[in-house]
Amino acid sequence: MRGFGKSKEKQWRDFEEEAIPFMPDLFRIAMWLVRNKQEAEDLVQETFIQALKSFHRYELGTNCKAWMTKIMYHLNGKRKRKLGQMKLVQDTEERLAETLVFEPPVTQKLTDEEVIGALKKVPENFREVVILADVEDFAYKEIAKVLDVPIGTVMSRLHRGRKILRGELAVYAKEFGINLEDEDKRNAV
Amino acid sequence: MKINEMQCKNFREIADSYLSDELLVETNHGVFQHLENCENCRRELGGRREVRSKLRVAVMSAPESNIDAVFAANLQQSLEKEAFRTNGFSDFFRMFNAPKAFALTAAALIIAVLIGFSFWKKPSNQNEIAATNQTNQNEIAATNIYKTAWTNLSDEAISDHTHCGLDKYDYWIKNDVNETAEEKAFKEKVLNQIQSETAEPVKLVSIHDCDIEGENFHHAILNVGNHVVSITQPAMETALEANTGISDIFELRREDFELAGFTDGGKAYYVVSDLAKDENKRIAEIFSGSLQVRNLRMFRFATANYALYTASANF
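Residues numbered from 1 in each chain as written. Chains lettered and ligands numbered in written order. Predicted model: local features only at pLDDT ≥ 70, side-chain atom pairs only at ≥ 80, totals over all residues. Heavy atoms only, no water.

## Looking at the overall build of chain B
Along the backbone of chain B there are 12 helices and 7 strands. Relative to its full complement of 315 residues, chain B shows a buried share of 42%. The long-range share in chain B, meaning contacts at least 24 apart out of those at least 6 apart in sequence, stands at 61%. Of the roughly 17400 Å² that chain B leaves accessible, carbon and sulfur atoms contribute 51%. (Helix = DSSP H or I, 4+ residues; strand = E, 2+ residues; numbered from the N terminus. Buried < 20%, exposed > 50% of the residue type's maximum accessible area, 1.4 Å probe, protein only. Contact = heavy atoms within 4.5 Å. Areas by Shrake-Rupley, 256 points an atom, 1.4 Å probe, with all protein chains shown as cover.)

Right, here's the structure in full:
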């Protein structure tokens, strides 16, 4: 049911119930988008203001978090265009396709810091899909809407993003001297 | 050995889908069989499962991911204040849940009654003054109705500008290369006039039909210097009668964009950009003037020939 034509009090109650609880989630996504606390807070504020203005267009009971994430990506896109920060995606994907051949083994001893560090090294276009799918639990269709790309592109970027993340984690494992063969020997003793 | 290697390679390709429970039942059976006999792939699967689970926990519990409680509380308070702030005309219509046509008619009737009532109360020796006042008030009332009709579709115009004009700009630059006769006429009647009034280079990028989230638009994208300008006409009709003619120019600023435009019977037209207010308005004035030229009919959905010269693009 759309919110059009309800009293202000009813609209606010619906908004408070549906949208406000996602403020921490939106902030978390914003932090990974803009990598700066002040900018993330500004982006979250803009997003909620826009969501409030457009709430009459939102279908109650549908995925409000996905709807608001789409608004946030739209606002962030505007900000980046203004600052001249938009860049082509295809170039990055083609270059990565040429270099990504070897799939390293995955270490099973991982700390939170290693995972976050590895995630930060994944290129932005792949990282955002990994976060939206594996952290924020969005469906492929919802991610496609948020990013305004075809579902096939979402699946492709997710597949590559996960692969790159595993590759970065394997680099961490090497740097700290963790090796699968050595682990097996230690476990056997 | 060769078969096992191929199977391991295949397994690695679908391991993520297996973890997401996206595989067909038969494929799952194949995975189970392979895992029974392949320790490497069992280890690989375990590692990927841990990465996924660790990823979620690590991101959610990272200190930088946590919203500041004071910021959150202040934002919620500000939003509540904003929610109860009165927003004039558009708020009036939303509150009563009236379809736009009915609401405009109701508003027109109320204004007409008020005008008639004020006229009735004048003594007979002031009829001449009253008649002039009534004409002025009628004009003001009509302008207000046209302006409301135009304002009601302004969000849609912004949506077309941002989702098509800005987000798909690269697509239109590359794809709309063959100039049609109507684009040539548009350049002669509109673009050249704009160019004559500015030192910035002015260029027509595309004229086409687009579909943004189910709403149709007739859309021209221009460059004025390094500014992207949309002239957009939503397919949605206003509530005005078809024979009301072209209105005055109306202006609005919304979401960091300047909007200027007018109504022409049941249609509304918008110039949307981040140009200065007077520059944006001037483009609307030039365009409005051009629509009164007979051979520039491209911006009318009712024209039978429009399909010949538009390029449809559904996003």
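## Regarding the overall build of chain A
In terms of helices and strands, chain A carries 10 helices and 0 strands. From first element to last, N terminus to C terminus, chain A shows the α and β order α-α-α-α-α-α-α-α-α-α. For chain A, restricting intrachain contacts to residue pairs at least 6 apart in sequence, the fraction spanning at least 24 positions comes to 74%. Approximately 9500 Å² of chain A is accessible, and the part contributed by carbon and sulfur atoms is 53%.

## Looking at the pattern of salt bridges
Evaluated as defined, the whole model comprises 25 salt bridges over all chains. A network of salt bridges, in which partner residues are shared, links R166 of chain A together with D16, E44, R48 and R52 of chain B. (Salt bridge = Lys/Arg side-chain N within 4 Å of Asp/Glu carboxyl O.)

## Structural notes on the interface of chain B and chain A
Across the boundary between the two partners, chain B contributes 55 residues, which contact 56 residues of chain A. Across the interface of chain B and chain A, roughly 5100 Å² is buried in total on both sides, 58% from carbon and sulfur atoms. Our count for the chain B to chain A interface comes out at 6 salt bridges. The salt bridge involving R35 of chain A is made with E64 of chain B; its shortest N-O contact spans 3.8 Å. Our count for the contact surface shared by chain B and chain A stands at 7 residue pairs in polar contact (both at pLDDT 80 or more). For the side of chain B that touches chain A, the secondary structure elements donating two or more residues are α1 (2-19), α3 (39-61), α4 (69-83), α5 (88-95) and α8 (154-166) of chain B. Top element by residues in the side of chain B that touches chain A is α3 of chain B. It accounts for 16 residues. Of the residues that constitute the side of chain B that touches chain A, the class distribution is 18 nonpolar, 11 polar and 26 charged. (Buried area = accessible area lost by both parts, 1.4 Å probe. Polar contact = N/O pair within 3.5 Å; in protein donor to acceptor, adjacent residues only side chain to side chain. Nonpolar A, V, L, I, M, F, W, Y, C, P; charged D, E, K, R; others polar.)

## Brief notes about the packing of aromatic side chains
All names here are of chain A. On inspection of all chains with the given rule, the structure shows 14 aromatic pairs over all chains. When the centroid spacing of 5.1 Å and the interplanar angle of 40° are considered together, the rings of Y58 and W67 count as tilted. Residue classification places Y58 among the buried residues on the basis of a relative accessible area of 2%. Here the aromatic residues W12, F15, F48, F55, Y58 and W67 are joined through ring pairs into a cluster of three or more. Seen from the ring of W32, R35 lies directly overhead, with NZ or CZ sitting 4.4 Å from the centre. The ring of F138 carries K65 above its face, with NZ or CZ at 5.3 Å from the centroid. (Phe/Tyr/Trp six-rings, centres within 6.5 Å; stacked < 30°, edge-to-face > 60°. Lys NZ or Arg CZ within 6 Å of the ring centre and 35° of its normal.)

## A word on unusual backbone geometry
Across the chain, the bulk of peptide bonds are trans and the bulk of non-glycine residues have phi less than zero. Backbone geometry places R35 of chain A, a non-glycine residue, at a positive phi of 60°. Residue position: R35 of chain A is located in the loop between α2 (23-34) and α3 (37-53). Within the chain, D21 of chain B stands out as a residue other than glycine whose phi angle is a positive 60°. With respect to the helices, strands and loops of the structure, D21 of chain B is situated in the loop between α1 and α2 (25-37).

## A word on the confidence of the model for chain A
Residue and element names in this part refer to chain A. On average, chain A scores 80 in pLDDT, and the residues at 70 or more come to 73%. Taking the mean pLDDT of every element in chain A, the minimum, 43, falls on helix α10 (residues 180-188) and the maximum, 95, on α2. The low-confidence segment residues 177-189 (pLDDT under 50) makes 10 contacts with residues lying over four places distant or belonging to another chain. (pLDDT = per-residue confidence, 0-100.)

## Focus: the environment of A30 of chain A
Residues and elements named next belong to chain A. Assignment of secondary structure puts A30 in helix α2. Look at A30 and you get buried, because its relative accessible area is 0%. Setting aside anything within four residues of it in sequence, one finds A30 in contact with R35, A40, L43, V44 and M72.

## Description of the packing of α2 of chain A against helix α4 (residues 64-82) of chain A
Residues and elements named next belong to chain A. Interhelical geometry of α2 versus α4 gives an angle of 30° and a closest axis separation of 11 Å. Relative to α4, the element α2 is oriented roughly parallel. As for how α2 packs across α4, the hand of that crossing is right-handed. Contacts between α2 and α4 involve D25, L26, R28, I29, A30, L33 and V34 from the former and K65, M68, T69, M72, Y73, N76 and R79 from the latter. A breakdown of the residues in the contact of α2 with α4 according to their chemical character gives 8 nonpolar, 2 polar and 4 charged. (Axes fitted to C-alpha atoms, helices over the stretch in contact; angles between N-to-C directions. Parallel < 35°, antiparallel > 145°, perpendicular 65-115°, else oblique. Left-handed = near helix turned anticlockwise from the far one by under 90°.)

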